[in-house]
Amino acid sequence: MRQHHLFIVLLAGLLILLCALCACGDAQAPIPIQTSANTNAQESSASINTDTDPSPKGIILIDPGHGFDDPGCTAYDGSFTEAQITEAVAGLLQKELASRGWNVELTHDGRHMPDAELLYDSAQKMPIQNDINVNPQEWVCDNNLFSKYERVLYANARNRETPVILFLSLHVNFVETSAQTVRGFEIDYYKDHPGASAACSFSETLGRILADTFHQKVKLFADNKKEAFVVTKYTDMPSVLLEMGYASNTEDAALLASVKFQTRLAQAIAVAVDNIF
Ligand SMILES: [Zn+2]
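Residues numbered from 1 in each chain as written. Predicted model: local features only at pLDDT ≥ 70, side-chain atom pairs only at ≥ 80, totals over all residues.

Re the pairing of strand β3 (residues 164–173)
Across the 10 residues of β3, 10 count as buried, placing the element largely inside the fold. Here 6 bridges tie β3 to strand β6 (residues 239–246), and the two strands are oriented parallel to one another. Residue pairing in the sheet places His-171 in a bridge with Glu-243 of β6. (Buried ≥ 20, exposed ≤ 12 C-beta atoms within 10 Å, placed from the backbone. Helix = DSSP H or I, 4+ residues; strand = E, 2+ residues; numbered from the N terminus. Pairing = 2+ DSSP bridges.)

Next up, the structure:
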């Protein structure tokens, strides 16, 4: 009888142990199944721990097109300027990317221009290019405009200090009133750039995400040397220019002016960054 009692006690103990193990198993089960949000949260905390060092992922440099004395294009009804939209989306994108653990910077905040000496120094360091004469006196201008040439110089100077893994220039499109029905996104990169492979992958992914999210036309251009924008051609890092819609089109203009659209657009771009870099 005593042996039988001992057996029951041992069996009960074994059962309790098994249950305890099952409970541990249950508690740990979700850990290996990480959603992208979990991954990002971990990456985010990792970058906070090392915030004295550059993020191991490098810098995402966002360039809000125009600004200062250059408003860019204006909405068909005069309700906004291109610079207002590029700065608004750039700010939202900076926040969105930072929340995903990216080290992100803007080329300007609309109020402060980069130091002219830094730009001048960067111009002197530009390699000789066969299709352009980089004359620091001409490239760096003492005015209240942040030219496309100065943006290149700034991006390259920043990249010499800490690698810039993506330069993304934000713009708004415009066509004359006779083509008011033209609308949608446009993405450009320079096809013969040393960073064209990453720029191409990012552009294609961004294009797919924008088309899926907004059900709108996305035109993707792999520009040749003649067609390419200054900021996608002479920057030293993978560089992409995004036209976020047409200020000349009533529907696009309404979207561009809406914070909801700006926020969803910033999220879409951030997802593309997460997917590629
Ligand atoms: Zn523009």
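Let's talk about the packing of helix α7 (residues 196–214) against helix α10 (residues 259–276)
It is at 9 Å that the axes of α7 and α10 come closest, and there the two elements cross at 140 degrees. In terms of orientation, α7 lies oblique with respect to α10. Crossing geometry of α7 relative to α10 is assigned as right-handed. Seen from α7, the contacting residues are Ala-198, Ser-201, Phe-202, Thr-205, Leu-206, Ile-209, Leu-210 and Thr-213; seen from α10, they are Arg-264, Ala-268, Ile-269, Val-271, Ala-272, Asn-275 and Ile-276. Looking at the contact of α7 with α10 residue by residue, the class counts come to 10 nonpolar, 4 polar and 1 charged. (Axes fitted to C-alpha atoms, helices over the stretch in contact; angles between N-to-C directions. Parallel < 35°, antiparallel > 145°, perpendicular 65-115°, else oblique. Left-handed = near helix turned anticlockwise from the far one by under 90°. Contact = placed C-beta atoms within 7 Å. Nonpolar A, V, L, I, M, F, W, Y, C, P; charged D, E, K, R; others polar.)

Section: helix α3 (residues 82–99)
Its 18 residues place the ends of α3 26 Å apart at the C-alpha level, agreeing with the 26 Å of an ideal helix rising 1.5 Å per residue. Burial analysis of α3 places 13 of its 18 residues in the buried class, the great majority of the element. (Expected span 1.5 Å × (residues − 1).)

Comments concerning the sheet that holds β3
Strand order across the open sheet formed by 6 strands is β2-β1-β3-β6-β4-β5, with mixed pairing between neighbours. Bordering the open sheet on either side are β2 (103–106) and β5 (218–223), each of which pairs with just one other strand. Averaged over all neighbouring strand pairs, the angle between strand axes comes to 20 degrees, with direction disregarded. The pairing of strand β1 (residues 59–64) with β2 spans 4 bridges and is parallel. Considered in β2, the bridge of Ile-59 is made with Asn-103. Contacts from α7 reach β3, β4 (185–190), β5 and β6 within the one sheet, and its direction differs from that of β4 by about 175 degrees.

Quick word on unusual backbone geometry
Trans peptide bonds make up the majority, and among non-glycine residues the majority have a negative phi. In this structure, His-66 takes a positive phi of about 70 degrees despite not being glycine. One can find His-66 in the loop between β1 and α3. Judged by local crowding, His-66 falls into the buried class, with 25 C-beta atoms found within 10 Å. The backbone phi angle of His-215 is positive, close to 50 degrees, even though this residue is not glycine. Along the chain, the position of His-215 falls in the loop between α7 and β5. Its 7 C-beta neighbours within 10 Å are what place His-215 among the exposed residues.

Description of the packing of α3 against α10
Across the interface, α3 lies against α10 with an axial gap of 9 Å and an inter-helix angle of 50 degrees. In this view, α3 runs oblique relative to α10, as classed from their interaxial angle. Here α3 runs over α10; the crossing is right-handed. Residue-level contacts link Ala-88, Val-89, Leu-92, Leu-93, Glu-96 and Leu-97 of α3 to Gln-262, Thr-263, Leu-265, Ala-266, Gln-267, Ile-269, Ala-270 and Val-273 of α10. Taken together, the residues of the contact of α3 with α10 break down into 10 nonpolar, 3 polar and 1 charged.

As for the confidence of the model for the chain
For residues with low pLDDT, the predicted coordinates do not support detailed interpretation. Confidence along the chain averages 83 in pLDDT terms, with 79% of residues attaining 70 or more. In the model, residues 6–52 has pLDDT below 50 throughout and makes 11 contacts with residues more than four positions away in sequence or in other chains. (pLDDT = per-residue confidence, 0-100.)

Comments concerning α7
For α7, built from 19 residues, the straight-helix expectation of 27 Å at 1.5 Å per residue is met to within 8% by its first-to-last C-alpha distance of 26 Å. Those residues of α7 that are buried lie in contact with β3, β4, β5, β6 and α10. A positive phi of about 50 degrees marks His-215, the residue just after α7.

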